Structure formats: C-alpha cells, structure tokens
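These are the residues of each chain, in order.
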Amino acid sequence: MEGVRPPEEWIRAAAETPRGYGAMKRKEDARFVRGRGRYVDDVVLPGMLHGAVLRSPLAHARIVAIDTSAAEAHPRVRAVITGETLAVLGLAWMPTLMQDTQAVLATDKVRFQGQEVAFVVADDHYAARDALDLIDVEYEPLPPTIDARRALEPDAPVVRDDQEGRTDNHVFDWSSGDAAATDAVFAEAAARPDQQVIGADVLYPRVHPAPLETCGAVADMDPVTGKLTLWTTTQAPHAHRTIYAMVAGLPEHKIRVVSPDIGGGFGNKVGIYPGYVCAIVASIVTGVPVKWMEDRSENLMSTSFARDYHMRGEVAVTADGRLRAVRVHVLADHGAFNATAQPTAFPAGFFGVFTGSYDLEAAHCAVTGVYTHKAPGGVAYACSFRITEAVYLIERLVDVVAHDLGMDPAELRRRNLLRPDQFPYRSATGWEYDSGDYPHTLQVALEKAGYDELRREQAELWRRHAAGEDVPLRGIGLSFFTEAVGAGPRRTMDILGLGMADGAELRVHPTGKAVLRVSCQSQGQGHETTFAQVVAAELGISPDDVEVVHGDTDQTPFGLGTYGSRSTPVSGAATAIVARKVRERAKIVAAAMMEAELEDLEWRHGSWAVRGVEGASRTLAEIALAAHSDLELPEGVEGHLDATTVYNPPNLTYPCGAYVCVVDVDPGTGEVHVRRFVAVDDCGVRINPMIVEGQVHGGLADGVGMALMQSIAFDLEGNCLGGSFMDYLLPTALECPSWELGETVTPSPHHPIGAKGVGESATVGSPPAVVNAVIDALSPYGVRHADMPLTPAAVWRAMQGRPLRTDLAIS
Amino acid sequence: MQVPASFAYERASSVRDALDLLRRHGPDARPIAGGHSLLPMMKLRLAEPTVLVDLGGLAELAGVAIEGTNIRFGAMTRHADVLASPVVAEHLPILVDAERVIADPLVRNRGTVGGSLCQADPSEDLSAAFSALRASVVISGTNGDRVVAVRDFHRGPYETAVAHDELVTDVLVPIRPRTGSAYAKVERRAGDWAVAAAGAVLTLDGDRIADAGIGLAAVGATHFVAVEAEESLRGAPATPASFTTAGALAAEHVRPVADQRGPVDYKRHLVEVLVTRTLTRAAARARGEA
Ligand SMILES: Cc1cc2nc3c(=O)[nH]c(=O)nc-3n(C[C@H](O)[C@H](O)[C@H](O)COP(=O)(O)OP(=O)(O)OC[C@H]3O[C@@H](n4cnc5c(N)ncnc54)[C@H](O)[C@@H]3O)c2cc1C
C-alpha cells in the first residue's frame, strides 16, 4: 500500500482545499512553478519547419519589386511566400473582426512600419531569420499620415487607397446618448451664473498589452486527412476556428484549434494575425508542420495595440458641484486597418459607459475613427472594450472640475455617485447597471487610506515647499470606476455574427470525479481552479476532484473566449448552471436508489437525502456509480449524470471600485514615486479571493505602467518609438508599492452565483488614480491636466506650463 | 526569439591568448566580456562579429584592489563586484551611487567595468563616473601596455582608443584625501538608461575647493565631463552658491538631444539640478558629514 500513497504535500494540499469558494492555491501553478507549462513554442512536431516574417521598414511605400531568389537559394530555406503567392489563393487580404480588411502579406503597398511583406520557411529559426536579409524589396517611399489629429485634413495621404473610390481616412462615426438633451443642459449651464461648463483635452496614448509570451502558432495540415491542427496563442479558440473556416474555406470540422498554456493575453491574443495565416499556408504548401513565433519587437510593433483615444470632454456643473451632463468628442486612431476586437455593433466598444459612476441628467459622445499609417488593432489590453478610456476620461474630468471649483475631489464624488436605491440604474446612454453601493465602497477606501490625515500631511508638505524647503510634493488621487463586463447578451452582442453565449459540459465519472469542459481559455486567470471551485460548490465535492478542460476546440463546447472580463460572468455562469443540471439529474437517480419521491428529497451539500429519514442519504459519488449501473430509472430518464448547457447572459455585470493613490513628486526632476495604493474592489461574490487579489495586483501594476511610463509614440516618418522593452517600459517591483486591497461585496442579481468579472477592473481603475495623484501634487504649480505617460520629463514640462504631446516623438 | 547571425566562438585562456586570437581573426572579431551590450546588439543584428573571443575565464582581469596610490579595477570586474567592494565603499561612494542605478541585479551580475567603458555608449554611467574621478585606462596590445587618461579614452559615441587587436585590462583610480563624491541619475523606471546623470568629485582644502571632477552621462557632454563647471569650482568656496553656479555652467555647455526620455530643455535643466545636488552631497561627504 505504501507505494501508491500520494506524496505528503498532495495530501496536505487536499486537506487545505475548501469545498467550494475560498482562498485556495491555484491548481495550475504546480506545473508552472515546476517549469512544466506547455506553451505554443514548446510544441515540437516531427519534421516541423520554422517561419519568419519579413517586415516593412517604412510606414508608407509602394512595393515596386520583391526579389526572393537569393533567399530561395539558401540551402536551408524550403519556401518563400509573398503577397503574390497568397493572392493566387485569394488569401492576400483577410477580413478583420470589425468587417474591414487587412493585408496578410502586402501586395500593392506597405501601410505601417512592421507590416508583413514576406514569409520565409526554413529548416530552423536561425536560417529563416538569416534568409530575411536575403530578400530584396524595392520600395518607393511615400509620405505617411501619422498625426491622428491631422488624418482628416484634405491633403492627408490616404491610407486605404486599396479601397475603391476612397479619398479620405475616415473610418466611422459613432455616437451615443441624447445630443439635443445634452446640448440643452450645456446651454443652460453656460448661461446661468450659478453653473458652468468645464472641459479638458485628454489623450489616452497608444499602449501595448505586451504579454510575456509573444504571439505564434504551429500549423499542422495533415495532407492525408485534410485536417488542420493549429496550436496558437489565442484567447478565443472557437471563434478563431470558425473564422478560419469562413476565410480559408476549410471545412470547420477539419479544423482543430488548440490554445495550450498561454503566457498572458490582455487582449493581445484576441485577433487573428497575418503570421498565423502564413503558418497555415506554409504548412499546406510544404506538407509538414510549420512553426511561427514572433519576437519581442514584432509583438510590440505589429500586433494589437490599445487605446489611442484623443478625447475632449466637457462637464456641465453647478457651483456647488452637482454634475449635470457630460459631452464628449473622441478622435480614435485605428491604425492602418480597422482590426479592433469588440462586439461588432460597437465600433467604439463600450465607450458609451463614459458617464461613469455618476447620476447625470444627460450625456452624449461622438466618436470618429480614423486610419493612420500605424499598426492596426485597438481595444486590447485589459480594457473591457474601451471602458478604460471611458473611465479615465470621466475620472480625469471629475478631478478637473474639483480643481476648477476648488472642491475636494472625494467630496465632489460623494455628491454625485449613484445611490444604492437607484439600482438597477439606467444610465443616460442606456446601460443598465445591475447593482452596487458606491458611497459605501468609496467610504471603505477613504477610511483605509486615512484620507483626511493624508490631506493634512499634504498641506504641511506644500507649506514647507512654498517656504523653500527641499521636500517632495505630495499628491493624493482618487478614482471611482464602474465596469460593464461579461459580454454579452446575444440579442445585442456578437462578433462577426457569432453570439457571445458560452457553452459548458460537465461529465461525472462513475466514481464521482468530474470533468468540466468550457469554451473559454485561461491566459493566467486561474480558470482551472476557479471553475473547479464553482462545480465543487454546486456539487459538494472537492475542487481537486474536478478537472477543467479548456483551450482545445475538439474537446470543448463552443463559446467566444476569454477577454473583456467575460469568463466568470459568462462561462462561470454556464459552469454553475451545468453543475445544477447534474445535481437535478442526480436527484432523480437518488430518488430511484432510495425508492423515494422526488419532492421528499433535499440537498445537503454533497448528498441527496430523504427529508426526515435518518440515514437515507446518498453522496454524489454513490449516485454517480448508481447512474452508471443497472439501477432501474424512471421512464424517460437516461442514465449517467452528464449535462451540457449554453449560457446567454441577460445583461452585463457591473463591478465597481474605489482607488486611492498617494505619490511624491520631486519638484526638481519631475520624478514620481508611488508611495501607497489603496484599491477597494466590488466584484460581487468572490469565488477564490486569492485569485481575485492576484488579478487586482497585476492590473494595478499595469495601471502604474500606463500612467507613468508607457506609450507607443511615432515620429512623423512613422517610425515606431516603442519597439523594444528598452523603449516600451514595463513597471517593476520598484515602481509598485505594497498594494493595500479591500473589498465590498454587492452580488450581481442576475448572475447565477452573483459574481462579476474582475480581470480588468484594476487596469481600468488605476490609471486615473495615479494620474489624479500626480496632477494633485502639481496643483501648487497651477497644473490641472497633463497627458500620460507622466514621465519625469512630462511632469516637469507640465510644471513649466508647456505640456508634452506624448503620442509623437518628443522634440 | 531574436537570434544573432552565425559566429565562431573562442574562449581565451590568458590575456596573451586573447590578444593572439583577436589579431589572428582580424577586425571582425570582438572580445566579449559580460555580453550585456554586445549580445543585445548581435540579436538586433546591429553587430555581426564573425568571431567572439570570450574573456570570461580570465581571472587575472577580475577584482578591485588598492595598489599604491591607486585603486585598480580589473577589466572583468562585474558591476555587482564593484557594488559589493569594501574598498569602493570606503573611497569611492560615487561608484556605489552609480552602480545602484545601473540596470538591474541580473545585468549587474554579468556586465563588467571594461565592457562598460569599451561600449562607449553615450549613456554609460561608469564612463561618466570614471571621468569625474579622472581615472586612467590600461590598454594591452601584443606590443605591450599603454595608459590612457579616461578623458582621452572615448573618441565619440561607441568609439574608443582601443584598437581591434587590443584589450582594456585595468582601470586605475587615484586615491585622494579630503575628497568626497556622489552620483545621481534620473530614469523613467528602475533599470532604464539615464535620462540624464551626473557625478561629482570634490577635493576640499579647508573651506575652499582644491579640485573638482564632474561627469555627465546621456546629455552630449564631450568626454563625459563638464570642464567649464569644474574650472569655476577650482579655488572657489565650497558653498551652495558655487555649486549652483557650476550646475548652471554645466547645463549651458551640454548638447543633449531630444528623444523619448525627454526634450532638450528638460535634459539641460536636469544637468543643472543633478550637478548641484551631487556637488552638495560630495562636499558633505568630503567633510565627513554624510
Ligand atoms: C537591460 C540592460 C540595462 C542596462 N542599463 C544600464 C544602465 O542603466 N547604465 C549603464 O551604464 N549600463 C547599462 N547597461 C549596460 C551594462 O552595464 C553592460 O553590461 C555594459 O555596458 C557592458 O558591459 P559588458 O561586460 O556586458 O560588455 P560586452 O557586452 O561584453 O561588451 C561591450 C563592448 O565592449 C567590448 N569589450 C568588452 N570588454 C573589453 C575589454 N576588456 N577590452 C576591449 N574591449 C572590450 C566588446 O567587444 C563590446 O564591443 C544595461 C544593459 C542591459 C542589458
């Protein structure tokens, strides 16, 4: 017996494991901390070749000629694919998720620096890379459109002249809210002495999700069966399979997409990139598997960026700080192809929630999308479909209003936050907020931070600074955010016609162990643990007895994937519901086992028992075995306990949070030091609080990065100035304070277990808190706004009254 | 993964062996020390040496020691060894300040003193610190050694006095009494290269400044130094006013270029602030106050 005893640590871990919700170490970490994760780049197949992409050094140029002969002559090169090769197959262009088209390999022109021009397939990665230098492309350089603010000028070079008849760079106009009602409030506020209109121009610069694992794929087209297996870095394996079927004309049942362990997504891995398509074509052409894995610079320069929203926001406000209406104009830079990833009917994502957490009479926004000669993408980076931009804008505006009115920003928020009795609340732009107790959440955060004491310390430091002492400038920044996550009701939300509902399957083996199959895929969120806990809680078994299968389209039911904080709101709900179906099925079996009436049975966490009968009870494991046995079941009831479901969410869930950031600014150098960060999140019911906190920690670090150091800027020739980790900075432990977390819990009334998504809350909520803190620190210098990233240079220039423009090269 | 072009690899067994290998393989061969500048350049294919001559095994080139009136740094002394050296802590606080803000612990475990000087990156912190200290560099060739003042060592960005078949073996820093030093750097994030950095070395004679060295990184200072500011301090009283004047003079004579780290006016401003701050701290240290 000794020999089969599991290791002591396993036994201990199992003893510590809760039977449902609660902090529990992540099941998946056992393999990650041992280096046993299996990522796309770990996939090695017999005879596999390696691809590399030749990219454009120019932002805008006509391709005069491509000479691949020297590369083809390289002894280890097997194929060179160009746009011409793809054009023959009808694959030189592909549709984007926003119903635009994107060049797979350029044929006529290149339209951004880093655009894909050719694909080399060689015996190994080194040879493929060497051969790129042997391809001779003759370019005729053309002037590019780089500055988004000038993209609509009549003489701006036209980016998409591949489109018949196009003469400008306009992509779309989209608006939300009641323009007339909003204008009326603004007219009144402007006219009355006890009201005013306060506005600011706010840029959310282009940033990049920068997952540690870059994007890549291994394509294996079996020439005999005609089945394509694609291991790929995708956050949406099922959606990708369907799109490949539609684009490439491959039968969908002959496509298997496998998303193995994924080293971070943050939205970067929602879209389909040319490299994936090239790997597939290369496998078809060569008849053997082909791997393509981009490098860091390729990832930063060519894959989905995020934000790039140039916003003008105005607030109509009363003298005593009552926010009446908000009016917003946005210029959205979409790069060379409109390849953002969001529900199709929402060209500006969920930016419509820009009214934030406040009770407004009216609101209106107008968003204009433009093409520029920059990398395509957008939305990505833990943003809940542009809620990041929306929250940043409103939270910055509220602070600008506080500044202009001379009011305390906490007090101003308190006066305007939605009250608990207003829920469910229909916002001025038509969103139905499900639940929340905002004043309470704010209060918890302010108390945790010791807000009043912080203000006293700040006043003292400002006084000493004014007296000429060498002290830092202290700043305190708040943000209160509301998110709308869990897309979404399929009545209104789809991606290329695919409704955003998720399936789930639960199989219970004869011995009572369960296998859950879900459509979404984890990129680090801990699904293998959280979803096991959901099943465990519903069935009264240990999470260790639930295996979560995901990321393989041949093994899992259809669903739209993991992004927009939708896994727990959608797949998590499907999981709870499918477990409840199993439980109901178990009830029928238990009734047959105990020869009892259904209505006499009651669920006692893990067992069905006959009410009032001592000892008449069957555990799920006993029931499972019986369900697979020769037990006589009632007419019309099949055997086994397995169940499937599809969950179509009735509404989004609306997590919220109140954040307080404390910074010190060195008035001599402009350096910012984040001293403290208090984050109180309300994401409804917390399944695994430890995982929730981990998600929040990561998002807060992201927020510090965006607020203080990150942006992908371009010079006017279109050179990307953020193409390496030397130029695009990720925050380190030294920039992050010890996070101080808190929680309030307002369950979602429409979600089966009351949970709301949390994956992106901190990324959404933290940048305004950090920026508000820095601007607050600079208020002795009369600063009311400066754009991210607030690098030392940007801070100093703001103090000089000459703020930097952060989306272009600093000159 | 970024991959370099193909190259041959030789591991040197002695300085003499390294010099032979370099001569034999010609100008496209390069010595490699910590590799933390050279390897990234090779991966980006900004450098494509045909042969690497690895100095990693040359224990004779490693270590910090007092030799007469000098402190000797072997070229292969790692940043981390400089940071941990009691000799450095006692005599050269400027290097402790600088090493704390050079890259991160991983890079500091590999990167070397010699590699830093030979890389001659205009932002290299040790180039500024050693220039402030008026160090000298020992260069070995097959025909013997020569000693070059560090202020003559750098010939321009990425250019030094070292020929392709020569090696830097040592850096020598004179020990001076009544001397204090300090270094300060502004960076966008820990481990980032400097937006601007300044180092100051002050030798006091009572209340007067006997001699001053000011090193600057990342701001286009010729030979990494601020000679006009140094000149203004020599013989001047060691007072805040003198330091402020020197800061302003240094700022006036640098030629920074704008990049994503900051615009020209900001970098110039930083020179003024950082020179003044490091002089103030160096003076305090010279007086034994800090
Ligand atoms: C992420 C990162 C951040 C960094 N941040 C900073 C920073 O903030 N500040 C800073 O100052 N530096 C920074 N560095 C550079 C770091 O200090 C390097 O280690 C250093 O510049 C080069 O030292 P090395 O030993 O690695 O040289 P190598 O890369 O091995 O060599 C550099 C050059 O010097 C030549 N060379 C090396 N040794 C000799 C010798 N003995 N004789 C002749 N030629 C020689 C080589 O041929 C090569 O041309 C950073 C590096 C990295 C990777």
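The sections below set out a description of the structure shown in this document. (Residues numbered from 1 in each chain as written. Chains lettered and ligands numbered in written order. Predicted model: local features only at pLDDT ≥ 70, side-chain atom pairs only at ≥ 80, totals over all residues. Heavy atoms only, no water.)

This brings us to the site of the ligand. Residue and element names in this part refer to chain B. Near the ligand you find 30 residues, and of these Arg 30, Pro 31, Gly 35, Thr 112 and Glu 124 are the closest. In the model, a nitrogen atom of the ligand is placed 2.7 Å from a nitrogen or oxygen of the Asp 125 side chain. Here Asp 192 contributes a backbone N or O atom positioned 3.5 Å from an oxygen atom of the ligand. Coverage of the ligand by the protein chains reaches 91% of its 970 Å² of free accessible surface. When residues of the shell around the ligand are traced back to their parent elements, those giving at least two are β2 (29–32), α7 (113–119) and β10 (167–174). (Near = heavy atom within 4 Å. Polar contact = N/O pair within 3.5 Å; in protein donor to acceptor, adjacent residues only side chain to side chain. Areas by Shrake-Rupley, 256 points an atom, 1.4 Å probe, with all protein chains shown as cover. Helix = DSSP H or I, 4+ residues; strand = E, 2+ residues; numbered from the N terminus.)

Here we come to the interface of chain A and chain B. On the chain B side, the residues contacting the 35 residues of chain A number 28 residues. Surface buried jointly by chain A and chain B totals about 2,600 Å² across both partners, of which 54% is contributed by carbon and sulfur atoms. Three residues stand out in chain A for area buried against chain B, namely Leu 729, Trp 796 and Ile 810 of chain A, and they jointly supply 20% of the buried area on that side. The interface formed by chain A and chain B includes five salt bridges. Arg 45 of chain B is the partner of Asp 133 of chain A in a salt bridge, and the nearest nitrogen-oxygen pair spans 3.7 Å. At the level of elements, α5 (125–132) and α19 (792–799) of chain A are the ones that each hand at least two residues to the side of chain A that touches chain B. Looking at the side of chain A that touches chain B residue by residue, the classes come out as 17 nonpolar, seven polar and eleven charged. (Contact = heavy atoms within 4.5 Å. Buried area = accessible area lost by both parts, 1.4 Å probe. Salt bridge = Lys/Arg side-chain N within 4 Å of Asp/Glu carboxyl O. Nonpolar A, V, L, I, M, F, W, Y, C, P; charged D, E, K, R; others polar.)

Looking now at the pairing of strand β31 (residues 672–682) of chain A. If a strand is regular, its side chains alternate between the two faces of the sheet. All names here are of chain A. Direction of pairing for strand β30 (residues 656–665) relative to β31: antiparallel, over a ladder of ten bridges. Opposite Val 665, over in β31, you have Val 672 as the bridge partner. Counting the residues between successive antiparallel strands, the hairpin from β30 to β31 contains six residues, one of them, Gly 670, with a positive phi of roughly 80°. Relative to strand β32 (residues 740–743), β31 runs parallel, the two being bridged by four bridges. Bridge assignment links Asp 681 to a residue of β32, and that residue is Glu 743. (Pairing = 2+ DSSP bridges.)

All right, on to the packing of helix α5 (residues 93–100) of chain B against helix α8 (residues 125–132) of chain B then. Residue and element names in this part refer to chain B. Close contact between α5 and α8 brings their axes to 10 Å; oriented N to C, the two are set at 170°. When the axes of α5 and α8 are compared, the pair comes out roughly antiparallel. Residues Ile 94, Leu 95 and Glu 99 of α5 form the contact with α8, whose own contacting residues are Leu 126, Ala 129, Phe 130 and Ala 132. Grouping the amino acids of the contact of α5 with α8 by side-chain chemistry returns six nonpolar, no polar and one charged. (Axes fitted to C-alpha atoms, helices over the stretch in contact; angles between N-to-C directions. Parallel < 35°, antiparallel > 145°, perpendicular 65-115°, else oblique.)

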